[in-house]
Amino acid sequence: MHFRAAPLIVLIAATSACGAGSGPVTTDAPTPFSASSTSTPKGFTAAECPGAIGGKRVVLRLDVPKEFEPEATGPSDQTPGGQCTWRTSEDRFFSVRVGEKESLADMNDELKEFEDSGGDDDVKDVTYDAPTDTFGDLEGERLSWWSYSDGTPFDCVQVQANGIRVFWQNPDDIDQRLDDLDAVLDSIELIRS
């Protein structure tokens, strides 16, 4: 089931580097911060996402809904700062990335170009908000949209602040459960070791 999200992820990777840099300043060297909430909600489990910033180890802590299974964790050639991903059997997906340099405003501009294009890779309901509350009492950016990719419609949300990006993707025929996303966001904290 991993193949369905791949075209959308490719679109995200391709679009995140586009644009004139009109959004908030971002950084690939996030500073440590505490979570907004310190208790793990019922139906969630505590998780860690290792990363590296300037060659120094960091740990992103967060709460993950129990039905999500981990897919990948840690730094790689594609995500040198670090990225962790989780997925459910119904193709719900989310990831966190440490060391994101591009603003979501750039991605918003690119998505707007595809809005209402029809057919595969169609994008609708693109909404960008900044500054807005994100996680750890930080202000940042939020971008949401609907996408039709490889024959599957998805609802998508990305939230970013302090060089950390959260991506939440949901097939549009099942409940998006934005309350779960809010609980994840409230639990995120970055610890430098």
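Residues numbered from 1 in each chain as written. Predicted model: local features only at pLDDT ≥ 70, side-chain atom pairs only at ≥ 80, totals over all residues. Heavy atoms only, no water.

Student: Sorry if this is basic, but what is going on with the pattern of salt bridges here?
Tutor: Any two side chains of opposite charge can pair, given that their charged atoms come close. Applying the stated rule across the entire model yields 11 salt bridges. Taking the shortest distance from any N to any O, the salt bridge between Arg87 and Asp91 comes out at 2.9 Å. This pair shows no difference in class: Arg87 is buried, exactly as Asp91 is. Asp180 is the partner of Arg177 in a salt bridge, and the nearest nitrogen-oxygen pair spans 2.6 Å. For Arg177, a relative accessible area of 30% corresponds to the partly exposed category. Salt bridges sharing common partners tie together Glu67, Arg92, Arg177 and Asp180. (Salt bridge = Lys/Arg side-chain N within 4 Å of Asp/Glu carboxyl O. Buried < 20%, exposed > 50% of the residue type's maximum accessible area, 1.4 Å probe, protein only.)

Student: I would appreciate a short explanation of the packing of aromatic side chains in the present structure.
Tutor: One pass over the full model with this rule turns up eight aromatic pairs. Here the aromatic rings of Trp86 and Phe94 are separated by 4.8 Å at their centres, their planes lie at 15°, and the arrangement is stacked. According to the relative accessible area criterion, Phe94 is buried, its value standing at 0%. Aromatic ring contacts, followed pair by pair, group Phe68, Trp86, Phe94 and Trp168 into a single cluster. (Phe/Tyr/Trp six-rings, centres within 6.5 Å; stacked < 30°, edge-to-face > 60°.)

Student: Any chance you could explain the sheet that holds strand E2 (residues 56-65) here in plain terms?
Tutor: Adjacent strands of a sheet pair through backbone hydrogen bonds, lying either parallel or antiparallel. Read across the open sheet, the three strands follow the order E1-E2-E10; overall the sheet is antiparallel. Looking at the sheet topology across the chains shown, the edges are occupied by strand E1 (44-53) and strand E10 (189-192). If you compare each strand with its neighbour and ignore which way they point, the axes differ by 25° on average. One ladder, built from 10 bridges, connects E1 with E2; its direction is antiparallel. Residue Glu48 lies in a different strand from E2, and its bridge partner there is Arg61. (Pairing = 2+ DSSP bridges. Helix = DSSP H or I, 4+ residues; strand = E, 2+ residues; numbered from the N terminus. Axes fitted to C-alpha atoms, helices over the stretch in contact; angles between N-to-C directions.)

Student: What's the story with the sheet that holds strand E6 (residues 122-133) in this structure? I'm lost.
Tutor: Pairing in this open sheet of seven strands is antiparallel, and the strands run E3-E4-E5-E9-E8-E7-E6 from one edge to the other. Unpaired on one side and paired on the other, strand E3 (69-72) and E6 mark the two borders of the sheet. Here the strands of the sheet are splayed against their neighbours by 15° on average, with no regard to which way each runs. Taken strand by strand, helix H3 (residues 178-187) contacts strand E5 (93-98), strand E7 (139-149), strand E8 (152-161) and strand E9 (164-171), and its axis lies near 160° from that of E9. (Contact = heavy atoms within 4.5 Å.)

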